[in-house]
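A structural walkthrough
Spelled out from the first residue to the last, the chains are:
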Amino acid sequence: MGIFKLSLVFIFLSFLKLHSQHLDDYKLWLKYNNIEDKNLATDYSNITNSIYLPTTSEIYTNTKKELSTAIPQMLGRESTFTDALRPENSLIIDLYDNLPKDLQLKVEREFKNVSNEGFLIKSVKYNNAPITIISAKKEIGILYAVFRFLHLMQTHENLKEIDLIDSPKLQLRMLNHWDNLDRTVERGYAGFSLWNWQKLPGYIDERYIDYARANASIGINAISLTNVNANALVLTPMYLEKVEALANIFRGYGVKVYLTARFSAPIEIGKLKTADPLDVAVQKWWQNKAKEIYTFIPDFGGFLVKANSEGQPGPQNYGRNHVDGANMMAKALEPFGGNVIWRAFVYSEHDDTDRAKQAYDEFLPYDGKFMDNVLVQVKNGPIDFQPREPFHPMFGAMKKTPLVMEFQITQEYLGFSTHLVFLPKLFEEVLDSDTYQKGKGSTVAKIVDGSLYGNKLSGMAGVANIGTDINWTGHPFAQANWYGFGRLAWDPYLSSEMIADEWLRATYNNDQEFIEPVKKMMLMSREAVVNYMNPLGLHHLFDTGHHYGPGPWVNNLGRPDWNPVYYHKADTMGIGFDRTPTGSNATEQYAPYLANLYNDPKRIPEEYLLWFHHLPWDYKLKSGESLWDGIALKYQKGVNQVSEMITTWNNAKPYLTEGQYKEVEMLLQIQLKEAKWWRDACLLYFQTFSQRPLPAGVEKPANSLEYFESLKFPFAPGIRPQWD
Ligand code: GCV
């Protein structure tokens, strides 16, 4: 065979390897790899040998399906399932109320702490034999329990003496898809939308089922299917019938469907002349619409609404306010048990106060005025999903309204799906932040779970990073962000370290030599991206529109607050946004303790320094470095951290298949290149103001500022046309 043919064969084989790797990635954290440890496999076999599981409903049938898929893969043999309780059963799965009295007694005490969606898994002695009970109050709890049980097997936990109860701490655990009806995904970096509207309702893609399984496995119980920049057509019967088909699949996995409601829908699809929320015909229209939707989807979750934000219509178009708009929809949904989730992501082109202050100013006066079935959804920080932001000051300040935390799982400002960034670290930082609004310990987590102020509803939403890519999320490690979001929505007090550990074991392998360094790499990855993109509190330095790569020089867009120069305010004197009383005074929106801390450049945690202060280039940092040197060294540190990530991954090679190794290795190389791009472009630009040399240890830029400014990306993914 000639060299040419040999190379072709080699290329083809490499392609096959990578392709089969992608197929494996499709399985997410539900790989159910064969358990090679004989003792462990025997223990698990004993527990799962004969399973009592009455299959009386769709959720139970799906539960049985999962067990029947997972157990043979992990143990190489099938379990026997019975619908009737038998003495030989080693695993008994049923609702608590249906268990025989003597079995109930075995778990009665623990079961008191199980909530409606929670569960219990416990080893007990029954008829002198060891058995395991999986029980819950509702069927969905049974499904969650079985997923957890299988996860514990995947992660090689000892199940012989298991005694576990767990219940979700938040009611609404939701994914927000920003999917358009033409299947493009706003800020989506993993292909097209999963929802094949053209083939629905007739064609049910197997992927819908796998998507629902993945969500149920981490406790996600709600999804909003469509973009918050909404198209009213989704509310017409032609689409509702398609939504119904999806809802029918998701129901069997405990996932409720929500839709985004375009405020002007009464005009666009209802032929009314107005969408004024105080107009009786408009109110009637929404009431009829709700009624119609519930005939298609009896357990419809409700509406998610972006109103009077970035050009979306809303009540203010008619001189009304957020309460008028939200309550009108809430009233329409109330008879059917639906909710309105009203987004607080507002900033107006007519308001020249600091953008970071606007949502708080606009919403605080309405606290306590929304109907009981309205939740207000607030982004984690006051600007827009930056690599690091202080927590949004509405958390803790808005006491009488249930606030849904909105995180972005898709990496709009974090390197798209090319950069390895473990987001649970960011989510954890926000959730653990102390608002001090009800004294020390008033953490964001306690606000989001409703416990601090006793709110009746609670929730967390994540903007999905999921698309038609075979591996779902574009980057294999971005699957960890979907997984981690779900885990934190279930329990906002979990540690990111534990989540990384769980995910790695279920996704790759259980070898400690692999887990420890790779986990460390994941936990460091978020700080790395902050360092090479937006260190020391800098923010929104992204090239405008697509947000791919740096664009700190951009200053020519229609609205001041769409220009990066608005955020960094670099000049010959210094850099940063003064949000103290000498500037926009955004700090006053925080509790006095934090306002004082943030106002003082000497005491503020340095990661927020330039978010709140404009400081001279020679300002002395805690390290003793000048601000200019400190910024430059942070950029360099970010680049170095990516190099370290590459070393870690190379060292992990013996524990990986070639495909697993290769796909992440290629992505890390791109990440390194782009981290250097960020460093060089930002430092060259800021240097035009600081007029200082780069400190020792910072590599010389590879290109000129003109070169970086000339880079254009007309086809960057995830952008909607009007942003271009
Ligand atoms: C869906 C940012 C994004 C927009 C997004 C908006 C929002 O501005 O860039 O794409 O629109 O947030 O959250 O509504």
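Refer to the structure presented above.
As a starting point, this report considers the structure included with it. These numbers come from a predicted model, not from an experiment. (Residues numbered from 1 in each chain as written. Predicted model: local features only at pLDDT ≥ 70, side-chain atom pairs only at ≥ 80, totals over all residues. Heavy atoms only, no water.)

1. Topic: the site of the ligand
Lining the immediate surroundings of the ligand are 15 residues, of which Glu186, Lys306, Arg343, Lys379 and Glu412 lie closest. Side-chain polar atom of Asn229 to an oxygen atom of the ligand: 3.2 Å apart, as the coordinates give it. Contact distances for the ligand include 2.6 Å between an oxygen atom and a side-chain N or O atom of Lys306. Contact with the protein chains removes 99% of the 340 Å² of surface that the ligand exposes when unbound. (Near = heavy atom within 4 Å. Polar contact = N/O pair within 3.5 Å; in protein donor to acceptor, adjacent residues only side chain to side chain. Areas by Shrake-Rupley, 256 points an atom, 1.4 Å probe, with all protein chains shown as cover.)

2. Some points on helix 6 (residues 206–218)
Between its first and last C-alpha, helix 6 extends 19 Å over 13 residues, near the 18 Å set by a 1.5 Å rise per residue. Among the 13 residues that make up helix 6, 12 are buried, leaving the element largely enclosed by the rest of the structure. When we look at burial in helix 6, the residues that qualify are Arg207, Tyr208, Ile209, Asp210, Tyr211, Ala212, Arg213, Ala214, Asn215, Ala216, Ser217 and Ile218. Packing partners of the buried residues in helix 6 comprise helix 3 (58–75), helix 5 (139–154), strand 7 (172–176), strand 8 (222–224), helix 7 (237–251) and helix 15 (479–490). For helix 6, the capping residue at the N-terminal end is Asp205, with a side-chain oxygen 2.9 Å from the backbone nitrogen of Arg207. Where helix 6 terminates, the next one or two residues include Gly219, which has phi positive at roughly 90 degrees. (Helix = DSSP H or I, 4+ residues; strand = E, 2+ residues; numbered from the N terminus. Expected span 1.5 Å × (residues − 1). Buried < 20%, exposed > 50% of the residue type's maximum accessible area, 1.4 Å probe, protein only. Contact = heavy atoms within 4.5 Å.)

3. Brief notes about the packing of aromatic side chains
Tallied over the full model, the rule gives 49 aromatic pairs. Between the aromatic rings of Tyr294 and Phe336, the centroid separation amounts to 4.7 Å while the plane-to-plane angle is 15 degrees, which identifies the pairing as stacked. Here Tyr294, found in helix 9 (residues 280–296), pairs with Phe336, found in the loop between helix 10 (322–333) and strand 11 (339–343); they are 42 residues apart in sequence, far enough to count as distant. An aromatic cluster is defined as three or more aromatic residues linked by ring pairs; in this entry it consists of Tyr26, Trp29, Trp195, Tyr208, Tyr211, Phe250, Trp472, Trp482 and Tyr483. Its guanidinium or amino end placed over the ring of Trp472, Arg207 lies 4.2 Å from that ring's centre, counting from NZ or CZ. Between Arg355 and the ring centre of Tyr347, over which it is positioned, the NZ or CZ distance is 3.6 Å. (Phe/Tyr/Trp six-rings, centres within 6.5 Å; stacked < 30°, edge-to-face > 60°. Lys NZ or Arg CZ within 6 Å of the ring centre and 35° of its normal.)

4. Some thoughts on the pairing of strand 5 (residues 129–136)
Within strand 5, 6 of the 8 residues are buried, which leaves it mostly tucked inside the rest of the structure. Across 5 bridges, strand 3 (residues 91–95) lies against strand 5 in parallel orientation. Residue pairing in the sheet places Leu91 in a bridge with Thr132 of strand 5. Summarising the sheet, strand 4 (residues 119–126) and strand 5 pair through 8 bridges and their orientation is antiparallel. Note that in strand 5 the partner of Ser123 across the bridge is Thr132. Counting the residues between successive antiparallel strands, the hairpin from strand 4 to strand 5 contains 2 residues, one of them, Asn127, with a positive phi of roughly 50 degrees. (Pairing = 2+ DSSP bridges.)

5. Details of unusual backbone geometry
Cis geometry is adopted by the peptide bond preceding Pro201, which originates at Leu200 and carries an omega value of 0 degrees. With respect to the helices and strands, the residue Pro201 is situated in the loop between strand 7 and helix 6.

6. Details of the pattern of salt bridges
Evaluation of the coordinates by the stated rule reveals 34 salt bridges. A salt bridge links Arg343 to Glu406; the nearest nitrogen and oxygen atoms lie 2.7 Å apart. Pair noted here: Arg343 is in strand 11 and Glu406 is in strand 13 (residues 403–408), with a separation of 63 residues, a long-range link. Residues Arg343 and Glu406 agree in their burial class; the two are buried. Taking the shortest distance from any N to any O, the salt bridge between Asp561 and Arg559 comes out at 3.2 Å. Residues joined by salt bridges that share partners form a network here, namely Glu497, Asp501, Arg505, Glu516 and Lys519. (Salt bridge = Lys/Arg side-chain N within 4 Å of Asp/Glu carboxyl O.)

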